Amino acid sequence: MKTWVFLLIVLKLVGGAVAADVLALPEELREVAFSEKYGMSDRWKALTLLTFVQKERAIPVLEKALKSKEWFMRNAGLVGMQHVSEMEAKKSARKLLKDKALVVRSAAVDILAKDCGSADRGLLWEQMGDKLNFRKGQSLWIRPQIIKALSEGALNQELSLFLKYVKDDDLQIQKDSTVALERITKRKLSREEWLLYKSE
């Protein structure tokens with residue numbers, strides 16, 4: 001892609017306060033991303049564009065973002081890492097599964113759900129019961145997100161876990177647990193029948 005075409009796309013994407021700064025890629029993008037004088041949207045776009053421009057060379061900057069006190073920077077760092085290094089993204093996602101920000105935890109789940117090995121599946125199962133993923137006793141939307149990811153690659157040895165979550169109060173969790181049980185057992189039963197089901 002010709003430089004001028006790329007810059008036009010950049011200007012269209014960023015617009016606003018950051019548009020002038022973006023022209024001196026990539027050092028200025030780094031400055032915008034970590035400067036509190038810019039708004040959240042501009043900083044997010046700057047870090048995203050820096051990742052696009054530098055690819056693997058952006059990893060140190062993304063690692064810095066992952067340690068930011070600001071949730072949107074941690075989230076942008078995680079999303080950016082996913083585009084430059086799957087291995088580094090998974091490593092970061094494992095750490096951020098317990099992040100205090102729900103949006104960050106959700107991004108971590110999305111990353112770990114792809115080509116999910118047994119160790120990462122174990123981490124996701126742990127998050128189903130973590131108190132961070134409840135508010136006032138009610139299930140937060142990350143729990144259905146997790147169970148859906150787990151159900152898509154349901155393993156025979158997880159039968160008892162899915163049977164447990166058929167009893168969950170969250171209707172979406174019940175539904176996806178039922179789908180997983182059907183995949184594992186090759187049986188199509190009602191929820192009431194699954195509640196009485198005994199694993200062999």
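Reading the values: the criteria
- Residues numbered from 1 in each chain as written.
- Predicted model: local features only at pLDDT ≥ 70, side-chain atom pairs only at ≥ 80, totals over all residues.
- Heavy atoms only, no water.
- Helix = DSSP H or I, 4+ residues; strand = E, 2+ residues; numbered from the N terminus.
- Buried < 20%, exposed > 50% of the residue type's maximum accessible area, 1.4 Å probe, protein only.
- Areas by Shrake-Rupley, 256 points an atom, 1.4 Å probe, with all protein chains shown as cover.
- Axes fitted to C-alpha atoms, helices over the stretch in contact; angles between N-to-C directions.
- Parallel < 35°, antiparallel > 145°, perpendicular 65-115°, else oblique.
- Left-handed = near helix turned anticlockwise from the far one by under 90°.
- Contact = heavy atoms within 4.5 Å.
- Nonpolar A, V, L, I, M, F, W, Y, C, P; charged D, E, K, R; others polar.
- pLDDT = per-residue confidence, 0-100.
- Core = buried A, V, L, I, M, F, W, Y, C linked by side-chain atoms within 4.5 Å.
- Phe/Tyr/Trp six-rings, centres within 6.5 Å; stacked < 30°, edge-to-face > 60°.
- Lys NZ or Arg CZ within 6 Å of the ring centre and 35° of its normal.
- Polar contact = N/O pair within 3.5 Å; in protein donor to acceptor, adjacent residues only side chain to side chain.
- Salt bridge = Lys/Arg side-chain N within 4 Å of Asp/Glu carboxyl O.

**A closer look at the overall build of the chain**
Item 1. Across its full length, the chain carries twelve helices and two strands.
Item 2. Classification of the 200 residues of the chain by burial places 47% in the buried group.
Item 3. Of the roughly 11300 Å² of accessible surface on the chain, 57% is carried by carbon and sulfur atoms.

**Some words on the packing of helix 3 (residues 40-54) against helix 5 (residues 71-84)**
Item 1. Direction vectors running N to C along helix 3 and helix 5 enclose 20°, while the axes themselves pass 10 Å from each other. Taken together, the axis directions place helix 3 and helix 5 in an arrangement best described as roughly parallel. For helix 3 against helix 5, the interelement crossing comes out right-handed. When helix 3 is examined against helix 5, the residues Met40, Arg43, Trp44, Leu47 and Thr51 are found in contact with a partner set consisting of Trp71, Phe72, Met73, Asn75, Ala76, Gly77, Val79, Gly80 and Val84.
Item 2. Within the contact of helix 3 with helix 5, the residues separate by chemical class into nine nonpolar, four polar and one charged.

**Topic: the confidence of the model for the chain**
Item 1. Overall, the predicted model of the chain reaches an average pLDDT of 87, with 86% of residues at or above 70.
Item 2. Across residues 1-9, confidence stays below pLDDT 50; counting only partners more than four residues off in sequence or on other chains, it has seven contacts.

**Some points on unusual backbone geometry**
Item 1. With a phi close to 50°, Lys55 is a non-glycine residue in the positive phi region.
Item 2. Residue class for Lys55 comes out partly exposed when judged on its relative accessible area of 44%.
Item 3. A positive phi angle is found at Asp115, which is not glycine, with a value near 50°.
Item 4. Within the secondary structure, Asp115 is located in the loop between helix 7 (102-113) and helix 8 (118-128).

**A word on the nonpolar core**
Item 1. Among the nonpolar cores identified, the biggest contains 52 residues, and Leu47, Leu78 and Phe162 are the most heavily contacted of them.
Item 2. If you tally residues by element for this core, the top one is helix 7, at seven residues.
Item 3. Apart from residues lying up to four places away in sequence, Leu78 is in contact with Leu66, Ala89, Ser92, Ala93, Leu96, Val104, Ala107, Ala108 and Ile111.

**Here's the deal with helix 6 (residues 86-96)**
Item 1. Within the sequence span of helix 6, burial applies to Glu88, Ala89, Lys90, Ser92, Ala93 and Leu96.
Item 2. Considering only its buried residues, helix 6 is in contact with helix 4 (59-66), helix 5, helix 7 and helix 8.

**Some points on the packing of aromatic side chains**
Item 1. Under the definition given, this model contains four aromatic pairs.
Item 2. Ring pairing ties together the aromatic residues Trp125, Phe162 and Tyr165, which thus form one cluster.
Item 3. Above the ring of Phe52, the side-chain terminus of Lys55 is found at 5.0 Å from the ring centroid.
Item 4. Over the ring of Phe34 we find Lys64; its NZ or CZ atom is 4.3 Å from the centre of that ring.

**Re the side chain of Asp130**
Item 1. Note on placement: Asp130 falls in the loop between helix 8 and strand 1 (134-135).
Item 2. At 2.8 Å, the side chain of Asp130 and the backbone nitrogen of Leu132 are in polar contact.

**Concerning the pattern of salt bridges**
Item 1. Counted under the stated rule, the structure contains eleven salt bridges.
Item 2. Its salt-bridge partner being Lys69, residue Glu36 comes within 3.7 Å of it at the nearest N-O pair. Residue Glu36 is located in the loop between helix 2 (27-33) and helix 3, and its partner Lys69 is located in the loop between helix 4 and helix 5; the two are separated by 33 residues in the primary sequence.
Item 3. For Glu36, a relative accessible area of 59% puts it in the exposed group.
Item 4. Where Arg94 meets Asp120, a salt bridge forms, and the shortest distance between an N and an O atom there is 2.7 Å. Placement of Arg94 in helix 6 and of Asp120 in helix 8 is noted, with a sequence separation of 26 residues between them.
Item 5. Given the relative accessible area of 5%, Asp120 is considered buried.

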